[in-house]
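# Results of the structural survey
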Amino acid sequence: MNVVYLSLGSNLGDKQAHLNQIIELLEKNQIRITERSAVYDTAPWCVEGEQPAYLNQVLKVSTDLYPFGLLKILQKIENTLGRTQKGDFQPRTADIDIILFNDWVLYHEKLTIPHALFRERLFVLEPLNEIAPEIIDPVTKKSISELFQQCQSPDQ
């Protein structure tokens, strides 16, 4: 069984309902949720101009799926919930990212594990630190707790 950490986000429409629907659809697709963080209200990241705030949450899940099979299901869920936005940093009804997959490292044009930007994103690190502070990033060899502290104090 693979242990995966997913980051969920929504900043359009009924954001809490979208997060709840993501969770329902994950469970219907061979993905068992074993832990979930609180839901965080966060400002859009790396965005110029006006955009609604996000609701973000991190889930620990277990699945028999492998990375590309999981990615396919996550993209299907995003589309089912009305994600039509293309490109990075656009408003969206549903955004699901694979943050960590076991202790694997994968660099592929369609998928990078661990997520390439998660170490810079407080909206991912804060809820991830809530449920898994001791997990080690397989690239930097730092704990989530250490990465969270660094992200809060980037000049240190």
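Residues numbered from 1 in each chain as written. Predicted model: local features only at pLDDT ≥ 70, side-chain atom pairs only at ≥ 80, totals over all residues. Heavy atoms only, no water.

A count of helices and strands for the protein chain gives four helices and seven strands. The linear arrangement of helices and strands in the protein chain, starting from the amino end, is β-α-β-β-β-α-β-β-β-α-α. The C-alpha radius of gyration computed for the protein chain amounts to 15 Å, which stays within 12% of the reference 15 Å derived for 156 residues, consistent with globular compactness. In terms of its C-alpha atoms, the protein chain occupies a principal-axis envelope of roughly 40 × 40 × 30 Å. (Helix = DSSP H or I, 4+ residues; strand = E, 2+ residues; numbered from the N terminus. Rg over C-alpha atoms; globule rule 2.2 N^0.38 Å.)

Glancing now at the pairing of strand E1 (residues 2-10). Each regular strand shows side chains that alternate between the opposite faces of the sheet. Counting buried positions along E1 gives eight out of nine residues, so the element sits mostly inside the fold. Of the pairings in the sheet, the one linking E1 to strand E4 (residues 54-63) comprises nine bridges and is antiparallel in character. By the bridge assignment, Tyr-5 is partnered in E4 with Lys-60. (Buried < 20%, exposed > 50% of the residue type's maximum accessible area, 1.4 Å probe, protein only. Pairing = 2+ DSSP bridges.)

Okay, the packing of aromatic side chains next. With the rule as written, the count across this model stands at two aromatic pairs. One aromatic cluster is present, formed by Tyr-66, Phe-101 and Trp-104 through successive ring pairs. (Phe/Tyr/Trp six-rings, centres within 6.5 Å; stacked < 30°, edge-to-face > 60°.)

Time to look at the nonpolar core. Core analysis: the largest hydrophobic core is formed by 25 residues, its most contacted members being Leu-6, Leu-8, Ile-22, Leu-26, Leu-70 and Ile-98. Where this core is concerned, the elements lending two or more residues are E1, helix H1 (15-27), strand E2 (31-36), E4, helix H2 (67-80), strand E5 (95-101) and strand E7 (111-113). Looking at which element gives the most residues to this core, the answer is H2, with five residues. What Ile-22 contacts, discounting residues up to four positions off in sequence, is Leu-8, Ile-77, Leu-81, Ala-94 and Ile-96. (Core = buried A, V, L, I, M, F, W, Y, C linked by side-chain atoms within 4.5 Å. Contact = heavy atoms within 4.5 Å.)

Let us now look at the packing of helix H3 (residues 122-131) against helix H4 (residues 144-152). Across the interface, H3 lies against H4 with an axial gap of 9 Å and an inter-helix angle of 140 degrees. Between H3 and H4, the angle falls in the class oblique. The way H3 lies across H4 gives a crossing that is left-handed. For the pair H3 and H4, the contacting residues are Leu-122, Leu-125, Glu-126, Leu-128 and Asn-129 in the first and Ile-144, Ser-145, Leu-147, Phe-148, Cys-151 and Gln-152 in the second. For the contact of H3 with H4, the per-class residue count stands at seven nonpolar, three polar and one charged. (Axes fitted to C-alpha atoms, helices over the stretch in contact; angles between N-to-C directions. Parallel < 35°, antiparallel > 145°, perpendicular 65-115°, else oblique. Left-handed = near helix turned anticlockwise from the far one by under 90°. Nonpolar A, V, L, I, M, F, W, Y, C, P; charged D, E, K, R; others polar.)

Here we take up unusual backbone geometry. Residue Ile-113 is joined to Pro-114 through a cis peptide bond whose omega torsion reads -5 degrees. With respect to the helices, strands and loops of the structure, Pro-114 is situated in the loop between E7 and H3.

All right, on to the packing of H1 against H2 then. The interhelical angle for the contact between H1 and H2, taken along N-to-C directions, is 140 degrees, at an axis separation of 10 Å. With respect to each other, H1 and H2 are oriented oblique. Crossing handedness for the pair H1 and H2: right-handed. In this structure, H1 uses Ile-22, Leu-25 and Leu-26 to contact H2, whose residues at the interface are Leu-74, Ile-77 and Thr-80. Residues of the contact of H1 with H2, tallied by class, amount to five nonpolar, one polar and no charged.

Everything listed is a geometric property; what it means functionally is a separate question.
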